[in-house]
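The lines below spell out each chain.
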There are 2 protein chains.
Amino acid sequence: MGPGILTGFQKTWQVRTERPVSYDIVCRHDLFHPDNDALLVTQDNRGGSRRFVVVDSQILVHYGAAIENYFKANNIDACLHSFDAGESNKSVEQYLAVLEGLDAFPINRRNEPIIAIGGGVVTDLVGFVASSWRRGVPHINVPTTLMGYVDAAIGVKTGINFKHHKNRLGSFSAPERVLLDHTFFQTLPHRHLLNGVGEILKLAIVKEPELFSTLERHGNDCINAQFQDSTSWEILSVSVESMLAELIPNLFETELARVVDFGHTFSTALEMQDDLDLLHGEAVVIDMLLSCIIAWQRSLLSRPDLDRIFSLVLSLKLRLSSQGLHPDLLMQSLIERQHHRNGVQRVPLPMGIGSYCFVANIGLNDVTQAVIFFKEWLQDNYHEDGS
Amino acid sequence: MGPGILTGFQKTWQVRTERPVSYDIVCRHDLFHPDNDALLVTQDNRGGSRRFVVVDSQILVHYGAAIENYFKANNIDACLHSFDAGESNKSVEQYLAVLEGLDAFPINRRNEPIIAIGGGVVTDLVGFVASSWRRGVPHINVPTTLMGYVDAAIGVKTGINFKHHKNRLGSFSAPERVLLDHTFFQTLPHRHLLNGVGEILKLAIVKEPELFSTLERHGNDCINAQFQDSTSWEILSVSVESMLAELIPNLFETELARVVDFGHTFSTALEMQDDLDLLHGEAVVIDMLLSCIIAWQRSLLSRPDLDRIFSLVLSLKLRLSSQGLHPDLLMQSLIERQHHRNGVQRVPLPMGIGSYCFVANIGLNDVTQAVIFFKEWLQDNYHEDGS
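Fair warning: this is a prediction, and the values are worked out from it, not measured in the lab.

Asker: I'd love a proper account of the overall build of chain A, names of residues and values included.
Answerer: Summing up its helical and strand segments, chain A has 13 helices and ten strands in all. Relative to the globule expectation of 21 Å for 387 residues, the C-alpha radius of gyration of chain A, 22 Å, shows essentially globular dimensions. Dimensions of chain A, computed from C-alpha atoms along their principal axes, come out at roughly 75 × 60 × 35 Å. Long-range pairs, those at least 24 residues apart, make up 78% of the contacts in chain A between residues at least 6 apart in sequence. Total accessible area on chain A stands at roughly 14200 Å², and carbon and sulfur atoms take up 48% of it. Positive and negative charge centroids in chain A, built from 32 and 46 side chains respectively, lie 8 Å apart.

Asker: Can you lay out the sheet that holds strand β2 (residues 50-56) of chain A for me, pointing to particular residues and giving the numbers?
Answerer: Sheet architecture is open: twelve strands sit in the order β3(A)-β2(A)-β4(A)-β5(A)-β8(A)-β1(A)-β1(B)-β8(B)-β5(B)-β4(B)-β2(B)-β3(B), paired in mixed fashion. With partners counted over all chains shown, the strands left at the sheet margins are β3 (77-83) of chain A together with β3 (77-83) of chain B, one partner each. On average, each strand axis in the sheet is tilted by 20° relative to the strand beside it, whichever way the strands run. Where β2 of chain A meets strand β4 (residues 114-118) of chain A, three bridges bridge the pair, whose relative direction is parallel. Its bridge partner being in β4 of chain A, V53 of chain A is matched across the sheet by I115 of chain A. Here helix α2 (residues 57-73) of chain A sits on the sheet in contact with β2, β3 and β4 of chain A, set at roughly 160° to β2 of chain A. Most of the contacts of helix α4 (residues 120-132) of chain B go to strand β4 (residues 114-118) of chain B, to which it runs at about 165°, and overall it touches β2 (50-56), β3, β4 and β5 (139-143) of chain B.

Asker: For the domain arrangement of chain A, give the residues involved together with the corresponding values.
Answerer: All names here are of chain A. The domains assigned to chain A are domain 1 (24-186) and domain 2 (189-248 + 255-381). The gap between the C-alpha centroids of domain 1 and domain 2 is 28 Å. Counting residues at the interface gives 21 residues for domain 1, matched by 25 residues for domain 2. Carbon and sulfur atoms supply 67% of the area that domain 1 and domain 2 bury against each other, a total of about 2100 Å² over both sides. Seen at the junction of domain 1 and domain 2, the total is three salt bridges. Viewed at the interface, domain 2 and domain 1 are joined by four residue pairs in polar contact (both at pLDDT 80 or more). Secondary structure elements with two or more residues in the side of domain 1 that touches domain 2: β1 (12-27), α5 (146-152), β6 (157-162) and β7 (165-172).

Asker: Can you lay out the environment of P209 of chain A for me, pointing to particular residues and giving the numbers?
Answerer: Here P209 of chain A shows up in helix α7 (residues 209-224). Leaving out residues up to four positions away in the same chain, P209 of chain A has contacts with A204, I353 and G354 of chain A.

Cut-off values and rules
- Residues numbered from 1 in each chain as written.
- Chains lettered and ligands numbered in written order.
- Predicted model: local features only at pLDDT ≥ 70, side-chain atom pairs only at ≥ 80, totals over all residues.
- Heavy atoms only, no water.
- Helix = DSSP H or I, 4+ residues; strand = E, 2+ residues; numbered from the N terminus.
- Rg over C-alpha atoms; globule rule 2.2 N^0.38 Å.
- Contact = heavy atoms within 4.5 Å.
- Areas by Shrake-Rupley, 256 points an atom, 1.4 Å probe, with all protein chains shown as cover.
- Lys, Arg positive; Asp, Glu negative; His and termini not counted.
- Charge placed at Lys NZ, Arg CZ, Asp CG, Glu CD.
- Pairing = 2+ DSSP bridges.
- Axes fitted to C-alpha atoms, helices over the stretch in contact; angles between N-to-C directions.
- Domains from an automatic or database assignment.
- Buried area = accessible area lost by both parts, 1.4 Å probe.
- Salt bridge = Lys/Arg side-chain N within 4 Å of Asp/Glu carboxyl O.
- Polar contact = N/O pair within 3.5 Å; in protein donor to acceptor, adjacent residues only side chain to side chain.

As structure tokens, this is what we get:
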């Protein structure tokens, strides 16, 4: 049958629809009190009797008995899957391990949501598990770290690392609900508290000048109070609000130029070097400082503003390092981000404190100069022991 | 800090939005003619210069040189990834292998869509790859089998098998475009042609009485013509149209009672038994016949209609088998489907030819009786050699 005869066989069908996305981010405490139904209600209020619960192993140390008791008291058959957090476990292997746990503990497709209790690694990975299982079952995020609270757990991005690429696999998949309880920070190790401060600082520099001032005045007190005091509550609320204001109108990254990517251009290369042992927020802080230097070199940021940013980082005692800052590697990370941003750099840089712009022409020389400046500054001002 | 003090710390943010879904299903032929841009245009018309193309290895035998020439003539740097189809390769291992191929051949996130050329296994798996990579990059489906054309490639369901569960992992992820070219069937093995007829028959029994009559009158001629004649074109068009009419209003399976699940209740247990060596459509046909018997047992289907269905299956020489029909196993499959349908069976059964209802109370006895009836009928009417 020749192509000539086929010219009549033409037809086109168009599929045009929308998928609704709906979830609440709710501040609640005493989540494991037997009378608190926040963890159990489902969207149609008719939750099933089983729950697959992935819990950070450190959280299990502190809250394991309370969690077990909670489900027992509510007649829920719960399977607690312990998860050792850490970037190296944000892996295909652990993704498959959680899926195998789920396979061994059947749940209904709609009214028995998977529950993730832990930091960003746990909620990111479990979100991907939930979005993959039966093409998507509901999940509830309970962030227990500051990083999760203000960033990782409140949006729709799920993911795992692949072949040393940060979050290379994943999905845009909304949780059914996010439960925020800042009392978890009472048992959060100091380093992980500072890790989350990095993301708060990100928003402060490019979007929230008042938050920046608050951090200058009260940041240290909040850290010392493990973010349990009323000023911390204000900081947390402003941070979540500010993050959501960026996320919600662009939930699926239709727009690739995103201010929340500030500090997320060079950081991936740093994070994925196992020997550097950097947490996500720590890598973001270093990236932000390099980006600020580039902004200053381009006269987007004044020298006083640059100094103010560096001073705040110092005063908050955020963990810095000069390790692994090879300009070639940082450029590779930028090129990779360029693929991710569809062929254009779209790097957010601060324009003064509280404002930003996007640039598309950062070159090796910019990066090299920024690294030199940063290393010299570190040598003069920063002592690895935090003193 | 006690819970009493925390009562003031209450706040809720609501996220309410919609994710637009838009794609076209386009009938085109001569897809690999250098002047045909159907494979290359992207949604914004500014396609990049690279394409990652996953091709069924049998298609490569017939069209490999044409495909290579096509991309070369259009100055596209294409990486052809050969894929051996077959249910056993719809696996985590092959999913990861394709992802590794993609990792070695970087593409832009938006304007260099992944292209899947093959049957349902290829388009299902590649769809899941595309939806996972960077949380979703575009992909184009080019079904080369009848099954893909009328069913697997035109919707938004992607998937791979996991732990002997059919399509346990996957996503709802719309292709950027589907290109339908029925001239591929010219080289499609007879068995795979019949495999697709199974899904066409499904729609005919429960939704399209005219299509059922057409199959009775012309089905054999169409099969003999490898679906290249004008009657086949009508059958293909009606089938795609009928399928889309079900899919589009319920693209993400908000409604769990789906008539297109007819024949997909017991079939998964049959398909996943490697030793039975059943194709998807073959398992679906057996499931449909068992379901029709149950419908007849319940007086939903008259004996003449039941006979008409069995006669058509016989006359089309669809491949049948009495192997693996253990009632216990079929019930397990039903229970599994019940989890998938959120705790309720929701099994579609025909009510006469062209209509359907859902039932929720099929028990072991129904299944056992249906298997006995089916095996006896097979013994009296069907000869494994197709005579």
